[in-house]
Amino acid sequence: MFGKKILAYSVSTLALMSGAAFAQADAQMETVVVTGIRATISQGLDVKRESTQVVESIIAEDIGKLPDNNVVEALQRLSGVQVTNRGGGQVGALYIRGLPDVETTWNGRKLFTSSGLYFSVQDMPATLVRRLDVYKTRESNQIETGIAGQIDVASYRPFDFDGFKLTGQVNETYQEFRGSFDPNIGLLISDRWKTGIGDIGVLANVNWSVVRFRDESATPGALVPFAAATTTGTLAPMSWYALQRILPSYSAETNCSSGGAYNVSCAPLSAYGLVWQPGQPGGLSQKAGSYLTLSDGTHLPYYLSRDAVFMSDFTGKRTRPNANLAVQWAPNEHAEYTFEVMYNGYRNETYNNLFFNFVDWWGDFPPGGTVDPATSITLYDGTNVMKTRHVKNVYGFTSGDLTVEKTNSYVYALNAKWTVSDRLSLTADASFQTSIFDTQFFAMRIDRGVPDIYVDFNAGGGNIALNFGDGQNRITDPSYWNTAGMWDNGGRKKGNAYTAQFDGSYDLKGIAGPLQRVRFGVRYDDRNATEAYRGADQWHGQALTSLPKEILHYNSDFFDGEADVPSSWVNVDGRYIWDHRDELRQIWGGNILDARRRAMFQNFKIDEVTTSAYLEGDLEQDIFGRPLTLNAGVRYVQVKDQMTFWNRDKYLLTGIVESSAGSAYTAKFLPSATLAYEPMDDVKVRFNYGETLRRPNFSDLNPTRILNSDVTNIGYGTGTQGNPSLQPTHSKNIDLTAEWYFAPSSALYGTLFRRDIQGLVLPLNMVVNVPGADIYDTYNTNNFIINMPVNASKGALKGVELGFVYFPDYLPSYLDGLGAQGSLTILSSSQNRPVTDAAGNIVREITQNFIGVSNTSYNATLIYEKDAIGARLSYVWRSKFYYGDEAANFANPLGIWRMPESSLDFQLSYKAWDNVMFTFDAVNLLKGDQRQYYAGGGQGNPTVTNFGRALFSRTFSVGLHYSTN
């Protein structure tokens, strides 16, 4: 990848340090005020050189001067870190070496968001961060979870400064697609005093940011089979005519009517024989001439085509209030006490303006219609997959979906450090954490019949093209539209934790031979999590024009001319329906007003108690006259879960609240060891072995079956069902690193690593029939594809990381201050995956990549800093990767793959006076987008099975930074 002549690495300043436990981290980390990026990088290389662990660090040059606007943006430029999901005005997902389960700590304390196990790192603003440490290996004194690694966020404390400190920062950010300026404001005030009872310090740090955004996507739907020719089997109702859609079973061809008596022909999908099984890894064959074999031996030739096309014009406003308060007291040089509070807030309102049109209707082909099947489609060469089609009299709708979300997370902590003697030091820490996430979803659909639709599912570059012939004007004319469905849902997720930790360190230098130090500690964590939700939907049909005209919304300039798709359509305004939801509920009536469906229903509660203890030692011995150090230890962890679950479906049908209970227990010894050796003055090598865990998500333990409606009339719904028997995933980790410090402020380094992972959790799918007219009336089907997680896989991840930092000292004076950083990560992953039949029985296994792993990624940054000017041009790139699975309802390959992703960013700063700096930032200068395609089982590619393209805006920011010396 360096052949592309990208010169450098991340602008993020790199530093590596050892010892993650806050007992050591808090005691050893110093804040060193530096005057430039080069000084910070040089300082980081010194720390890297002295550490035993494999750690990457970013150090803020000064308060609020972390080199990006939020934590995730800064981390993406570190070696081995990849990101994706750039929508919503932010980078939304972070991986370390391709793995997603990153443990986040704040000053050494584990963080989480609501009922989840992990913390949403993007909620952390840069102004609250003093330094970021990314641990790729772990010592025994660190929290054991997070196979991917651990990120420790160190915030400011008053004892970091000699006296009074005041810093203010104001940024205005402009997002091109949205066309708005949004503020990001930060303020820090800190001071310390010498008093008769010792040193006292108080610090307050607050941040408030607003982001308004617009993301746009156009997507062809999933693949389903259509008869390639008229075919009749020997058993009724085995009969299809050309281009008639082939549903998975014969019984699903019959519509269940909720009027009158319940139609018993709505039997399980396999009742009359399964024609084809949805959700297989490779889907149905895409080879020309492919056919399905019916139960009587009849061959049914088929084409594959999309069931629909859809577009999303997604806008929103996100507000994040954040605060950090710290009070420190040092009565003498042997004791220090810290009380600190952190608040993370999140407010998000989004409007998904969805345009959806089916392209699967067969009623206008012979014998019932006049359209010639042969002229209505074209195929990709050598396949049975349709590239273009013309369909008449299909169903289409737009949906105005408004989502309102709110999170409040608090951490209260008290920390004490004592130097008991010249050899013994102790640390105690107690904290309480609470996090609540609330969400409300209100959506209204309007629909109409479409006389004609012409679609090219890939007109080039993954873009769809569509038009409606003579009916094109109807998509913006409300007189052609009717009201349809309404959805009124909500949820609450809550988590609490009481945590206590005690750590000690005893210095043995000079009294125990090569053994230099012993560290020990215990940790107790009492965590609970609950989830509750509500949901109701109701159909209602009347002319759209019968509602107030203020309800109408028209978008414009959709997709920025990037594809031949409509640039505007009519929909309901999300803000209007939210503000008038009580009135609209009365109009729709039915289930929307049902008291049981509107009530928040708690569906699970989990209490988890984790107890852990560790013992480790540091040894040092000269080998061949050169120093060899060893850190070795073991951590014991014990986890007990008590779980209670409630069945909402039974409550809705009977009014009876039925609960079930369960428990789980696990205990593990987790060893770790790190050897570090310096064969030459400027060279250091390390070998690390460690073991880490990934706990099951709390929601994955819930055995209650949750059903989802067949909202697009495909003949079956979906559902989820947890598994209380899930065990933690266990990883054995090996790292080998080498570093060469060939010049001042310059280094070349590399790492070889491997992760052997047992007990990976994967979803198993099974087809389930849930009989009853009430089920059909509620979910529009009696057949469901149920997804259940199991510990069904093991796998291995291995790779190499290469990086460099170089500031040449031979350049002419006008180029003095030019430097470069760069890194390259190459990964290889594989895991086994069970494949099930319709009943959920495992019939075979396949091998696939890990989710989120790009085989190749790199980042490069060119840095220039001279006098009052600093500049950085940074480029990040990752190759294609397996992103996840489609719903197991269709005939396409199950896997969703992302095309290569990249971003080019630029930063410029000008120090106008000693205390004042102006900044300019530009993100995504090359308008990097997101393109997906279906692939799996040896089938699928970006051309034939493309799965849409999303556009993300460029953003520009100007800022003013003030700080006292």
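Residues numbered from 1 in each chain as written. Predicted model: local features only at pLDDT ≥ 70, side-chain atom pairs only at ≥ 80, totals over all residues. Heavy atoms only, no water.

In the nomenclature of an unreviewed UniProt entry, the protein chain is known as TonB-dependent receptor of Rhizomicrobium electricum. On record in UniProt, under Sequence similarities (unreviewed entry), the comment for the protein chain is "Belongs to the TonB-dependent receptor family." (UniProt positions renumbered as here; feature names shortened; annotations may be inferred.)

Quick look at the overall build of the protein chain
Of regular secondary structure, the protein chain possesses 8 helices and 45 strands. Computed over C-alpha atoms, the radius of gyration of the protein chain comes to 30 Å, within 12% of the 30 Å expected from 2.2 N^0.38 for 965 residues, which places it in the range of a compact globule. With the principal axes as the frame, the protein chain shows a C-alpha extent of 95 × 60 × 55 Å. For the protein chain, with 965 residues in total, the buried portion stands at 59%. A fraction of 74% describes how many contacts in the protein chain between residues 6 or more apart in sequence connect residues 24 or more apart. (Helix = DSSP H or I, 4+ residues; strand = E, 2+ residues; numbered from the N terminus. Rg over C-alpha atoms; globule rule 2.2 N^0.38 Å. Buried < 20%, exposed > 50% of the residue type's maximum accessible area, 1.4 Å probe, protein only. Contact = heavy atoms within 4.5 Å.)

A short note on the packing of aromatic side chains
Counted according to the given criterion, the structure contains 29 aromatic pairs. On the basis of an interplanar angle of 20° and a centroid distance of 5.9 Å, the ring pair of Tyr 156 and Phe 161 is categorised as stacked. Using a relative accessible area of 11% as the deciding quantity, one classes Phe 161 as buried. Taken together, Phe 310, Phe 356, Phe 358, Tyr 395 and Phe 397 form an aromatic cluster joined through their ring pairs. Against the face of Tyr 651 rests Arg 596, its NZ or CZ located 6.0 Å from the ring centre. (Phe/Tyr/Trp six-rings, centres within 6.5 Å; stacked < 30°, edge-to-face > 60°. Lys NZ or Arg CZ within 6 Å of the ring centre and 35° of its normal.)

Looking at the sheet that holds strand β15 (residues 299-306)
Spatial ordering of the open sheet is given by β11-β15-β14, a layout of 3 strands whose pairing is antiparallel. What marks the edges here is a single partner per strand, and that holds for β11 (223-227) and β14 (291-293). Taking the axes of each pair of neighbouring strands and ignoring which way they run, one obtains an average angle of 45° across the sheet. Note that β14 and β15 share 3 bridges and pair antiparallel. Counterpart to Tyr 291 in the pairing with β15 is Pro 301. (Pairing = 2+ DSSP bridges. Axes fitted to C-alpha atoms, helices over the stretch in contact; angles between N-to-C directions.)

Here we look at the sheet that holds strand β6 (residues 131-135)
Taken in spatial order, the 5 strands of this open sheet run β1-β6-β7-β4-β5, and their pairing is mixed. Edge positions in the open sheet fall to β1 (55-59) and β5 (109-110), since each of these has one partner strand only. Relative to strand β7 (residues 149-154), β6 is paired through 5 bridges, and the arrangement is antiparallel. Bridge pairing links Leu 132 to Val 153 in β7.

Section: the pairing of strand β43 (residues 930-935)
Summarising burial for β43: 5 of the 6 residues are buried, a large majority. Bridge count between β43 and strand β44 (residues 946-951): 3 bridges; the pairing is antiparallel. Note that in β44 the partner of Tyr 933 across the bridge is Asn 946.

Section: the pairing of strand β10 (residues 198-220)
Pairing between strand β9 (residues 180-195) and β10: 12 bridges, direction antiparallel. Across the sheet, the residue bridging to Trp 193 is Ile 200, located in β10. Where β10 and strand β16 (residues 308-332) come together, 22 bridges link them in antiparallel fashion. The residue bridging Ala 204 from the neighbouring strand is Leu 325, located in β16. For β10 and β44, the ladder comprises 3 bridges, and the chain directions are antiparallel. From the neighbouring strand, Glu 216 faces β44, where its bridge partner is Leu 951.

Overview of the nonpolar core
With 43 residues, the main nonpolar core has Ile 246, Ile 453 and Leu 466 as its most contacted residues. Only β11, β15, β16, β19 (386-419) and β20 (424-456) provide two or more residues apiece to this core. Among the nonpolar cores identified, the runner-up in size contains 34 residues, and Val 71, Val 91, Ile 147 and Ile 757 belong to it. (Core = buried A, V, L, I, M, F, W, Y, C linked by side-chain atoms within 4.5 Å.)

Observations concerning helix α2 (residues 37-50)
Given a rise of 1.5 Å per residue, 14 residues ought to cover 20 Å, and the 20 Å separating the end C-alpha atoms of α2 matches this to within 8%. Within α2, burial applies to Ile 37, Thr 40, Ile 41, Gln 43, Gly 44, Leu 45 and Lys 48. (Expected span 1.5 Å × (residues − 1).)

Thoughts on the pattern of salt bridges
Note that side chains of opposite charge can pair when their charged atoms are close. Here the structure, examined in full by the defined rule, presents 49 salt bridges. Arg 130 is paired through a salt bridge with Asp 160; the nearest N and O atoms lie 3.3 Å apart. Residue Arg 130 is found in the loop between β5 and β6, and its partner Asp 160 is found in the loop between β7 and β8 (165-175); the two are separated by 30 residues along the sequence. Residues Asp 438 and Arg 492 are paired through a salt bridge, measuring 2.7 Å at the closest nitrogen-oxygen approach. With a gap of 54 residues between them, Asp 438 in strand β20 and Arg 492 in strand β22 (residues 482-507) connect regions that are remote in the sequence. (Salt bridge = Lys/Arg side-chain N within 4 Å of Asp/Glu carboxyl O.)

Focus on the environment of Thr 644
As for its position among the elements, Thr 644 is in strand β27 (residues 626-646). Note on Thr 644: relative accessible area 26%, which makes it partly exposed. Sequence separation of Thr 644 and Ser 660 is 16 residues, and the distance between their C-alpha atoms is 5.8 Å. Leave out the neighbours within four places in its chain, and Thr 644 touches Asn 603, Phe 604, Lys 605, Ser 659, Ser 660 and Ala 661.

Focus on unusual backbone geometry
Excluding glycine, most residues fall at negative phi; most peptide bonds, likewise, are trans. Positive phi values are uncommon outside glycine, yet Asn 107 reaches one of about 50°. With respect to the element layout, Asn 107 can be found in the loop between β4 (102-106) and β5. Residue classification places Asn 107 among the buried residues on the basis of a relative accessible area of 2%. Positive phi, normally seen in glycine, also occurs at Asp 557, with a value near 55°. Topologically, Asp 557 is positioned in the loop between β24 (552-554) and β25 (570-572).

Points about the side chain of Asn 555
With respect to the helices and strands, Asn 555 occurs in the loop between β24 and β25. Given the relative accessible area of 6%, Asn 555 is considered buried. Side chain to side chain, Asn 555 and Asp 313 meet in a polar contact 3.0 Å long. A distance of 2.9 Å separates the side chain of Asn 555 from the backbone nitrogen of Trp 569, its partner in a polar contact. With residues near it in sequence (within four places) discarded, Asn 555 still touches Asp 313, Asn 353, Ser 567, Ser 568 and Trp 569. (Polar contact = N/O pair within 3.5 Å; in protein donor to acceptor, adjacent residues only side chain to side chain.)

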